[in-house]
Amino acid sequence: MVNHETMNCEQVWREISNYVDGDVDAGLRASMNEHFKTCARCASVLAGTKNVVRLYGDERMLEVPAGFSQRLQKSLAKTAAVQGSRWSSWSAWLVPVAALVLIAGSVLLTNSLTGGRLLKSHHAEPANNIPPDLVVVVSDGAKLFHVPGCPFIHDKNTERTLTAKEAMAEGYVPCTRCLRQYLKTGVTLRPGDQGDDADADDKAEQGEVVGMAAR
Amino acid sequence: MVLTADNPQQAGAREQELILNVQRGQHELFYELVRPYERRVYAAALAILRNEHDAEDAAQEAMLKALVNIRQFRAEARFSTWLIQITVNEALMRRRRERTVAMEALDNRTDDESEYAPRDFADWREIPSEALERKEVRQRLAEALGTLDRKYREVFMLRDMEHLNIQETAEALGITVASVKTRLLRARLMLRDLLAAGWEQGWFSRLPFEKGTKPW
């Protein structure tokens, strides 16, 4: 701890910045004041430090390049205009977004109430140990995914290629024909599902597969 | 209406009102809100970036960010401090982007533990603020500041030119309060020596006073 009564110059210099900022306790301040009275060197250091703080702290030291304000105003005006139009249309796009959220929510709710699976077809068997990275083909409006080239692909013009994992995530189930090896043998239709929420496309697809298998 | 220093209370109330109005969507009022601080914003960017062109870009970008995020401003903070903080962040980000990380780390790694001893003990007096009316004097002071190492210069500029307090300076730069104090002490003492030399070389003479009269 510094003995304030007998501070040497180095000790004073160490605290001089805090002193100028008024960030020293009363005892230290008193000791430093005493020192400045008798030490011309430290009085010079103090006077100089005060000059530095006062001169550089003056507003006039903050100069901006010519035209700065004009350029700033221009770019702010541009942003203000963009922001303004964005915010005024906020409520306008909020409506469809809210509607979408409601629709998505009700679809999820319906699905959760009707069996907990997001399968597109309840007639088909979910995949069993299918390699997740297997390349498969699906088409819009259909419910099955196929090995590329399978003759039972519906709506070939909307065909998409993806992995089995992705297809399953979208709710597609394996084709009972081309992907039969990944289905539990002997179970292709669950009797309880017959006719409950199946749609025509689903029936047609399944029927066609069964028909082909019989041929 | 312009914010005046004559009546700080009134100016403060006017600022609050402006902030609320901008937050409610009157973005065209934003320039009025930042106008009193534009020089400080620019200087804060210059403290970090050094180059006038980069500093202007960063200052402008910082003010645009402040406008876009005006709703995040909370009345507990001082608006000027909030604005300066955004500016310092913007400037630091740009500097990091432009400089190699290695250089940055090396430059800012440690505080110089060796103490700085003042060199010049000439008996000099208070330099009158009027000296700053002369562009040449301001230029000399700016040049002296430019000779400091970055870590001292930026602390000094934020603390003594931007008038952030020690804590705010530490937060703005992401360094400790102790580091701010150490660097500030050193920056002030180094500048003092440079000023003392300038005093002897007559930077501050030929002041705009009546011929033959000296204020001391």
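Up top you'll find the structure we're talking about.
Residues numbered from 1 in each chain as written. Chains lettered and ligands numbered in written order. Predicted model: local features only at pLDDT ≥ 70, side-chain atom pairs only at ≥ 80, totals over all residues.

1. Here we look at the nonpolar core
Line of reasoning, step 1. Counting 65 residues, the largest nonpolar core has Val41, Ala44, Ala45 and Met63 of chain B as its most contacted members.
Line of reasoning, step 2. For this core, the leading source of residues is helix α10 (residues 177–201) of chain B, giving 10 residues.
Line of reasoning, step 3. Not counting residues up to four positions away in its chain, the partners in contact with Ala44 of chain B are Ile84, Thr87, Val88, Ala91, Leu158 and Glu162 of chain B.
Line of reasoning, step 4. Formed by 17 residues, the second largest nonpolar core is a distinct cluster that contains Val137, Phe145, Ile153 and Met168 of chain A. (Core = buried A, V, L, I, M, F, W, Y, C linked by C-beta atoms within 7 Å. Buried ≥ 20, exposed ≤ 12 C-beta atoms within 10 Å, placed from the backbone. Helix = DSSP H or I, 4+ residues; strand = E, 2+ residues; numbered from the N terminus. Contact = placed C-beta atoms within 7 Å.)

2. Structural notes on the packing of helix α8 (residues 150–161) of chain B against α10 of chain B
Each pair of packed helices can be described by the angle between their axes along with the distance between the axes.
All names here are of chain B.
Line of reasoning, step 1. Look at α8 against α10: their axes get within 8 Å of each other, and the N-to-C directions meet at 95 degrees. For the element pair α8 / α10, the angle class is roughly perpendicular. Taken together, the residues of α10 that come into contact with α8 (itself represented by Lys151, Tyr152, Arg153, Val155, Phe156 and Arg159) are Val180, Arg183, Leu184, Arg186, Ala187, Arg188 and Met190.
Line of reasoning, step 2. Across the contact of α8 with α10, the residue classes break down as seven nonpolar, no polar and six charged. (Axes fitted to C-alpha atoms, helices over the stretch in contact; angles between N-to-C directions. Parallel < 35°, antiparallel > 145°, perpendicular 65-115°, else oblique. Nonpolar A, V, L, I, M, F, W, Y, C, P; charged D, E, K, R; others polar.)

3. Some points on the interface of chain A and chain B
Line of reasoning, step 1. Facing 38 residues of chain A, the contacting portion of chain B comprises 43 residues.
Line of reasoning, step 2. If you list the elements that add at least two residues to the side of chain A that touches chain B, you get α1 (9–20), α3 (40–56) and α4 (68–88) of chain A.
Line of reasoning, step 3. Element by element, the count of residues in the side of chain A that touches chain B is highest for α3 of chain A, at 13 residues.
Line of reasoning, step 4. Taken together, the residues of the side of chain A that touches chain B break down into 17 nonpolar, 13 polar and eight charged.

4. Let's talk about helix α4 (residues 52–68) of chain B
Line of reasoning, step 1. The end-to-end C-alpha separation of α4 of chain B is 24 Å, in line with the 24 Å expected for 17 residues at 1.5 Å each.
Line of reasoning, step 2. Buried within α4 of chain B we find Ala55, Glu56, Ala58, Ala59, Gln60, Ala62, Met63, Leu64 and Ala66 of chain B. (Expected span 1.5 Å × (residues − 1).)

5. A look at unusual backbone geometry
Residues and elements named next belong to chain B.
Line of reasoning, step 1. The backbone of Arg50 shows a phi angle near 75 degrees, a positive value even though the residue is not glycine.
Line of reasoning, step 2. Unusually for a residue other than glycine, His163 sits at a positive phi of about 60 degrees.
Line of reasoning, step 3. On the secondary structure map, His163 appears in the loop between α8 and α9 (166–173).

6. Some thoughts on the packing of α1 of chain A against helix α2 (residues 26–38) of chain A
Residue and element names in this part refer to chain A.
Line of reasoning, step 1. Here α1 crosses α2 at 115 degrees, and the two axes come no closer than 11 Å. Here α1 runs over α2; the crossing is left-handed. Here α1 contributes Val12, Glu15 and Tyr19 to the contact with α2, which in turn contributes Leu28, Arg29, Met32 and His35.
Line of reasoning, step 2. Within the contact of α1 with α2, the residues separate by chemical class into four nonpolar, one polar and two charged. (Left-handed = near helix turned anticlockwise from the far one by under 90°.)

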